[in-house]
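Chain residues, written in single-letter form:
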Amino acid sequence: MNYYIYENWQRESALRPIIHKWDCGHCHMGFGKRANAKKGANGVWIGPFDKVEYARAYYVMKFGDESNECNCVNH
Ligand SMILES: [Zn+2]
């Protein structure tokens, strides 16, 4: 069970990075919902993290904020 953080770096002020679980419909193991989307054009996937705790710890360190998680993390 892996976790990823998605950071939309083009809209940093509007969208906070979000933690997703690997099987979330939004991220598909970090490949993104749209297979044809240019990787890194709008955002980047960070991970995988083996445990959500690791993703949360990284999030707090990297973004200096409480972690923001997709609903998929708790399913
Ligand atoms: Zn998700």
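Cut-offs applied
Residues numbered from 1 in each chain as written. Predicted model: local features only at pLDDT ≥ 70, side-chain atom pairs only at ≥ 80, totals over all residues. Heavy atoms only, no water. Donors = N, O, S within 2.8 Å, 3.2 Å for Na, K, Ca; no water. Tetrahedral: all angles 85-135°; square planar, octahedral: opposite > 155°, others 65-115°. Helix = DSSP H or I, 4+ residues; strand = E, 2+ residues; numbered from the N terminus. Buried < 20%, exposed > 50% of the residue type's maximum accessible area, 1.4 Å probe, protein only. Phe/Tyr/Trp six-rings, centres within 6.5 Å; stacked < 30°, edge-to-face > 60°. Contact = heavy atoms within 4.5 Å.

A. Region of the structure containing the coordination of the zinc ion. In the first shell of the zinc ion, the protein supplies H20 (ND1), C24 (SG), C70 (SG) and C72 (SG), at 2.1 to 2.4 Å from the metal. Of note is the zinc ion, whose four donor atoms meet at the metal with angles of 97 to 123° in an arrangement that counts as tetrahedral. Each donor residue of the zinc ion lies on the same chain, and together they follow the pattern H-x3-C-x45-C-x1-C. Taken as a pair, C24 in the loop between β2 (18-21) and β3 (44-49) and C70 in the segment after α1 (52-63) lie far apart in primary sequence, 46 residues in all. The class for C24 is buried, based on a relative accessible area of 6%. Using a relative accessible area of 14% as the deciding quantity, one classes C70 as buried.

B. Inspection of unusual backbone geometry at higher detail. That bond from G47 to P48 is cis: its omega, 5°, falls within 30 degrees of zero. Structurally, P48 can be placed in strand β3.

C. Local environment of the packing of aromatic side chains. In total, this model carries four aromatic pairs according to the counting rule given. When the centroid spacing of 5.5 Å and the interplanar angle of 55° are considered together, the rings of F49 and Y58 count as tilted. By relative accessible area, which is 11% here, F49 ends up buried. Ring-pair connections join several aromatic residues into one group, and the members of that group are Y4, Y6 and W45.

D. Quick peek at the side chain of N8. With respect to the helices, strands and loops of the structure, N8 is situated in the loop between β1 (3-7) and β2. When neighbours within four sequence positions are excluded, N8 is seen to be in contact with L15, N42 and G43.

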